[in-house]
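# Observations on chain architecture
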Amino acid sequence: MASAGPGLESLVDQIISVITNDGRNIVGTLRGFDQATNIILDESHERVYSTRYVLINCDLLPGLLSNALIGSLVQNSAISNKFLSWCLKVCCQHEGVQQLVLGLYIIRGDNISVVGEVDEELDARLDLSNLRAHPLKPVIH
Amino acid sequence: MLFFSYFKELVGKEVTVELKNDLAIRGTLHSVDQYLNIKLENTRVVDQDKYPHMLSVRNCFIRGSVVRYVLLPQDGVDIDILHDATRREARGG
(Lines give C-alpha, C1' and ligand atoms only; values in the text may rest on other atoms or scores of the structure.)
Protein backbone atom coordinates (compact mmCIF):
# COMPACT_ATOMS: atom_id res chain seq x y z
CA MET A 1 0.00 0.00 0.00
CA ALA A 2 1.50 3.31 -1.05
CA SER A 3 1.43 6.03 1.58
CA ALA A 4 0.36 9.63 1.11
CA GLY A 5 2.43 11.90 -1.12
CA PRO A 6 3.30 11.54 -4.75
CA GLY A 7 7.02 10.79 -4.37
CA LEU A 8 8.77 7.46 -4.13
CA GLU A 9 9.24 7.60 -0.32
CA SER A 10 6.83 4.77 0.23
CA LEU A 11 8.84 2.47 -2.05
CA VAL A 12 12.27 2.88 -0.44
CA ASP A 13 13.85 -0.48 0.48
CA GLN A 14 11.14 -2.28 -1.46
CA ILE A 15 11.53 -4.22 -4.66
CA ILE A 16 10.50 -2.15 -7.64
CA SER A 17 10.18 -2.72 -11.35
CA VAL A 18 11.32 0.11 -13.59
CA ILE A 19 10.36 0.52 -17.23
CA THR A 20 12.82 2.77 -19.01
CA ASN A 21 12.16 5.05 -21.96
CA ASP A 22 13.96 2.64 -24.29
CA GLY A 23 11.66 -0.19 -23.24
CA ARG A 24 13.86 -2.09 -20.81
CA ASN A 25 12.55 -3.60 -17.60
CA ILE A 26 14.85 -3.45 -14.56
CA VAL A 27 13.93 -4.96 -11.20
CA GLY A 28 15.75 -4.16 -7.96
CA THR A 29 15.56 -2.70 -4.47
CA LEU A 30 14.99 1.06 -4.33
CA ARG A 31 17.67 2.65 -2.14
CA GLY A 32 17.27 6.29 -3.01
CA PHE A 33 15.73 8.86 -5.34
CA ASP A 34 15.51 12.59 -5.86
CA GLN A 35 13.23 15.28 -7.28
CA ALA A 36 14.11 14.44 -10.87
CA THR A 37 13.24 10.75 -10.31
CA ASN A 38 16.89 9.74 -10.55
CA ILE A 39 16.93 6.45 -8.66
CA ILE A 40 19.43 4.15 -6.99
CA LEU A 41 18.68 0.47 -7.42
CA ASP A 42 20.44 -2.21 -5.41
CA GLU A 43 20.79 -5.89 -6.34
CA SER A 44 19.11 -5.16 -9.62
CA HIS A 45 18.58 -7.32 -12.67
CA GLU A 46 17.19 -6.71 -16.11
CA ARG A 47 14.34 -8.87 -17.35
CA VAL A 48 14.83 -9.49 -21.02
CA TYR A 49 11.61 -10.51 -22.71
CA SER A 50 12.46 -12.59 -25.71
CA THR A 51 10.53 -12.88 -28.91
CA ARG A 52 12.80 -15.65 -30.11
CA TYR A 53 12.30 -19.38 -30.20
CA VAL A 54 14.83 -22.05 -29.29
CA LEU A 55 15.03 -25.50 -30.82
CA ILE A 56 14.12 -28.26 -28.35
CA ASN A 57 13.46 -31.27 -30.58
CA CYS A 58 16.39 -31.02 -32.98
CA ASP A 59 16.12 -34.68 -33.97
CA LEU A 60 12.47 -34.31 -35.03
CA LEU A 61 12.86 -31.44 -37.46
CA PRO A 62 14.82 -33.06 -40.34
CA GLY A 63 12.40 -36.01 -40.47
CA LEU A 64 9.36 -33.78 -40.55
CA LEU A 65 10.83 -31.54 -43.19
CA SER A 66 12.05 -34.31 -45.46
CA ASN A 67 8.67 -36.06 -45.23
CA ALA A 68 7.00 -32.78 -46.14
CA LEU A 69 9.43 -32.27 -49.00
CA ILE A 70 8.76 -35.73 -50.41
CA GLY A 71 5.02 -35.16 -49.97
CA SER A 72 5.15 -31.88 -51.80
CA LEU A 73 7.22 -33.42 -54.63
CA VAL A 74 4.73 -36.26 -54.99
CA GLN A 75 1.78 -33.88 -55.00
CA ASN A 76 3.71 -31.32 -57.01
CA SER A 77 2.85 -28.52 -54.57
CA ALA A 78 4.77 -26.22 -52.28
CA ILE A 79 5.06 -26.82 -48.53
CA SER A 80 2.37 -24.76 -46.91
CA ASN A 81 3.14 -22.03 -44.40
CA LYS A 82 0.63 -23.64 -42.09
CA PHE A 83 2.68 -26.82 -42.03
CA LEU A 84 5.92 -24.95 -41.46
CA SER A 85 4.52 -23.05 -38.50
CA TRP A 86 3.22 -26.33 -37.10
CA CYS A 87 6.75 -27.80 -37.41
CA LEU A 88 8.06 -24.78 -35.54
CA LYS A 89 5.54 -25.32 -32.75
CA VAL A 90 6.48 -28.99 -32.36
CA CYS A 91 10.24 -28.53 -32.44
CA CYS A 92 10.74 -25.19 -30.78
CA GLN A 93 9.92 -23.55 -27.53
CA HIS A 94 9.73 -19.93 -26.64
CA GLU A 95 12.84 -18.71 -24.88
CA GLY A 96 11.00 -17.00 -22.00
CA VAL A 97 12.38 -14.24 -19.86
CA GLN A 98 16.10 -14.01 -19.22
CA GLN A 99 17.37 -12.33 -16.06
CA LEU A 100 20.58 -10.35 -16.47
CA VAL A 101 22.32 -9.47 -13.21
CA LEU A 102 23.21 -5.77 -13.05
CA GLY A 103 23.98 -5.13 -9.36
CA LEU A 104 24.03 -1.56 -8.08
CA TYR A 105 22.56 0.80 -10.65
CA ILE A 106 21.73 4.47 -10.87
CA ILE A 107 19.10 5.34 -13.46
CA ARG A 108 18.73 8.91 -14.59
CA GLY A 109 15.21 10.23 -14.15
CA ASP A 110 14.98 11.44 -17.75
CA ASN A 111 15.15 7.83 -18.82
CA ILE A 112 12.40 6.46 -16.54
CA SER A 113 8.82 5.82 -17.63
CA VAL A 114 7.22 3.81 -14.87
CA VAL A 115 8.25 2.71 -11.38
CA GLY A 116 6.10 -0.16 -10.15
CA GLU A 117 5.92 -1.61 -6.66
CA VAL A 118 6.54 -5.35 -7.07
CA ASP A 119 4.11 -7.56 -5.19
CA GLU A 120 6.50 -10.36 -4.22
CA GLU A 121 3.75 -12.93 -3.90
CA LEU A 122 2.44 -12.21 -7.39
CA ASP A 123 5.99 -12.09 -8.70
CA ALA A 124 6.84 -15.50 -7.27
CA ARG A 125 3.82 -16.95 -9.03
CA LEU A 126 4.95 -15.69 -12.45
CA ASP A 127 6.24 -18.39 -14.76
CA LEU A 128 9.04 -16.39 -16.37
CA SER A 129 10.19 -19.30 -18.53
CA ASN A 130 6.86 -19.28 -20.28
CA LEU A 131 6.16 -15.57 -20.59
CA ARG A 132 6.11 -13.82 -23.94
CA ALA A 133 5.84 -10.13 -24.60
CA HIS A 134 5.74 -7.73 -27.47
CA PRO A 135 8.75 -5.46 -27.19
CA LEU A 136 7.86 -2.19 -25.50
CA LYS A 137 8.16 0.75 -27.83
CA PRO A 138 10.63 3.47 -26.96
CA VAL A 139 9.15 6.68 -25.60
CA ILE A 140 8.98 9.41 -28.23
CA HIS A 141 8.53 12.88 -26.76
CA MET B 1 -0.87 24.97 -11.76
CA LEU B 2 -4.39 24.65 -13.12
CA PHE B 3 -4.07 21.07 -14.19
CA PHE B 4 -2.24 20.18 -11.01
CA SER B 5 -5.28 21.40 -9.08
CA TYR B 6 -7.57 19.69 -11.54
CA PHE B 7 -5.88 16.30 -11.16
CA LYS B 8 -5.92 16.68 -7.38
CA GLU B 9 -9.71 16.82 -7.64
CA LEU B 10 -9.66 13.50 -9.47
CA VAL B 11 -7.87 11.59 -6.68
CA GLY B 12 -9.73 8.40 -5.86
CA LYS B 13 -11.27 8.10 -9.32
CA GLU B 14 -10.54 5.36 -11.83
CA VAL B 15 -8.43 6.62 -14.74
CA THR B 16 -6.49 5.18 -17.65
CA VAL B 17 -3.08 6.66 -18.35
CA GLU B 18 -1.71 6.21 -21.83
CA LEU B 19 2.05 6.59 -22.07
CA LYS B 20 4.21 7.80 -24.93
CA ASN B 21 5.35 4.21 -25.48
CA ASP B 22 1.70 3.18 -26.19
CA LEU B 23 1.41 1.34 -22.87
CA ALA B 24 -1.96 2.06 -21.24
CA ILE B 25 -2.33 1.56 -17.49
CA ARG B 26 -5.66 1.65 -15.69
CA GLY B 27 -5.97 2.21 -11.96
CA THR B 28 -7.26 4.36 -9.14
CA LEU B 29 -5.61 7.78 -9.02
CA HIS B 30 -3.70 7.94 -5.75
CA SER B 31 -1.80 11.21 -6.07
CA VAL B 32 -0.31 13.79 -8.40
CA ASP B 33 2.56 16.21 -7.90
CA GLN B 34 3.76 19.48 -9.41
CA TYR B 35 5.41 17.67 -12.36
CA LEU B 36 2.14 15.84 -12.99
CA ASN B 37 3.83 12.60 -12.00
CA ILE B 38 0.98 10.20 -11.30
CA LYS B 39 0.61 7.43 -8.75
CA LEU B 40 -1.95 4.72 -9.43
CA GLU B 41 -3.26 1.94 -7.22
CA ASN B 42 -4.73 -1.42 -8.18
CA THR B 43 -3.21 -1.07 -11.61
CA ARG B 44 -3.57 -3.29 -14.60
CA VAL B 45 -2.14 -2.86 -18.06
CA VAL B 46 -4.95 -2.53 -20.60
CA ASP B 47 -3.36 -4.93 -23.10
CA GLN B 48 -1.90 -7.37 -20.59
CA ASP B 49 -1.34 -10.24 -23.02
CA LYS B 50 0.75 -8.04 -25.24
CA TYR B 51 2.59 -6.28 -22.41
CA PRO B 52 2.97 -8.64 -19.42
CA HIS B 53 5.86 -6.58 -18.03
CA MET B 54 3.84 -5.31 -15.10
CA LEU B 55 1.94 -8.44 -14.10
CA SER B 56 3.35 -8.38 -10.57
CA VAL B 57 2.79 -4.66 -10.06
CA ARG B 58 -0.30 -3.42 -8.18
CA ASN B 59 0.78 0.15 -7.39
CA CYS B 60 2.87 2.32 -9.65
CA PHE B 61 4.43 5.70 -10.17
CA ILE B 62 4.29 7.16 -13.67
CA ARG B 63 6.66 9.94 -14.61
CA GLY B 64 4.74 12.99 -15.81
CA SER B 65 7.02 13.47 -18.80
CA VAL B 66 5.97 10.17 -20.41
CA VAL B 67 2.21 10.65 -20.13
CA ARG B 68 0.42 11.11 -23.45
CA TYR B 69 -3.21 11.03 -22.33
CA VAL B 70 -5.17 10.61 -19.13
CA LEU B 71 -8.56 9.09 -19.88
CA LEU B 72 -11.05 10.42 -17.35
CA PRO B 73 -14.23 8.99 -15.94
CA GLN B 74 -17.40 10.34 -17.54
CA ASP B 75 -18.26 12.46 -14.48
CA GLY B 76 -14.65 13.54 -13.93
CA VAL B 77 -14.88 16.85 -15.70
CA ASP B 78 -17.19 19.85 -15.44
CA ILE B 79 -16.52 21.52 -18.77
CA ASP B 80 -17.98 24.91 -17.77
CA ILE B 81 -15.88 25.25 -14.64
CA LEU B 82 -12.76 24.13 -16.54
CA HIS B 83 -13.51 26.65 -19.33
CA ASP B 84 -13.80 29.49 -16.82
CA ALA B 85 -10.65 28.43 -15.01
CA THR B 86 -8.56 28.20 -18.19
CA ARG B 87 -9.76 31.65 -19.32
CA ARG B 88 -8.97 33.13 -15.94
CA GLU B 89 -5.50 31.59 -16.05
CA ALA B 90 -4.94 32.85 -19.61
CA ARG B 91 -5.79 36.37 -18.47
CA GLY B 92 -3.12 35.98 -15.82
CA GLY B 93 -5.45 36.03 -12.88
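All of these numbers come straight from a predicted model, not from anything done at the bench.

In terms of helices and strands, chain B carries 2 helices and 5 strands. Reading chain B from its N end, one meets helices and strands in the order α-β-β-β-β-β-α. Each principal axis of the C-alpha distribution contributes one length, and for chain B these read about 45 × 25 × 20 Å. Burial statistics for chain B: of 93 residues in total, 47% are counted as buried. Sequence separation of at least 24 residues holds for 44% of the intrachain contacts in chain B that already meet a minimum separation of 6.

Following the UniProt record, one finds the feature "domain: Sm" (unreviewed entry) at residues 2-76 of chain B. As annotated, residues 2-76 of chain B has a helix share of 11% and a strand share of 45%, and its two end C-alpha atoms lie 15 Å apart.

All names here are of chain B. Reported here for the largest pocket is a volume of approximately 220 Å³. Among the elements of the structure, α1 (2-9) and α2 (79-90) are those that each provide at least two residues to the lining of the largest pocket. Ranked by residues supplied to the lining of the largest pocket, first place goes to α1 with 4 residues. Residue composition of the lining of the largest pocket, by class: 7 nonpolar, 2 polar and 4 charged.

This part is about the pairing of strand β4 (residues 57-62) of chain B. Where burial is concerned, most of β4 of chain B is hidden: 5 out of the 6 residues are buried. The pairing of strand β7 (residues 112-118) of chain A with β4 of chain B spans 5 bridges and is antiparallel. Bridge pairing in β4 of chain B links Val 114 of chain A to Ile 62 of chain B. Sheet topology places strand β3 (residues 38-45) of chain B next to β4 of chain B; 3 bridges connect them, and they run antiparallel. The partner of Lys 39 of chain B across the bridge, within β4 of chain B, is Phe 61 of chain B.

Another aspect to go through is the sheet that holds β4 of chain B. Sheet architecture is open: 10 strands sit in the order β6(A)-β3(A)-β2(A)-β1(A)-β7(A)-β4(B)-β3(B)-β2(B)-β1(B)-β5(B), paired in antiparallel fashion. Looking at strand neighbours, the two that pair on one side only are β6 (97-107) of chain A together with β5 (67-71) of chain B, the edges of this open sheet. Here the strands of the sheet are splayed against their neighbours by 35° on average, with no regard to which way each runs. In this sheet, β6 of chain A lies alongside strand β3 (residues 39-49) of chain A in antiparallel orientation, the contact comprising 9 bridges.

Cut-off values and rules
- Residues numbered from 1 in each chain as written.
- Chains lettered and ligands numbered in written order.
- Predicted model: local features only at pLDDT ≥ 70, side-chain atom pairs only at ≥ 80, totals over all residues.
- Heavy atoms only, no water.
- Helix = DSSP H or I, 4+ residues; strand = E, 2+ residues; numbered from the N terminus.
- Buried < 20%, exposed > 50% of the residue type's maximum accessible area, 1.4 Å probe, protein only.
- Contact = heavy atoms within 4.5 Å.
- UniProt positions renumbered as here; feature names shortened; annotations may be inferred.
- 1 Å grid on protein atoms, 1.4 Å probe; cavity = no way out; pocket = protein on both sides within 12 Å on 5 of 7 lines; lining within 4 Å.
- Points joined across faces, edges and corners; volume = space filled by probe spheres on them.
- Nonpolar A, V, L, I, M, F, W, Y, C, P; charged D, E, K, R; others polar.
- Pairing = 2+ DSSP bridges.
- Axes fitted to C-alpha atoms, helices over the stretch in contact; angles between N-to-C directions.

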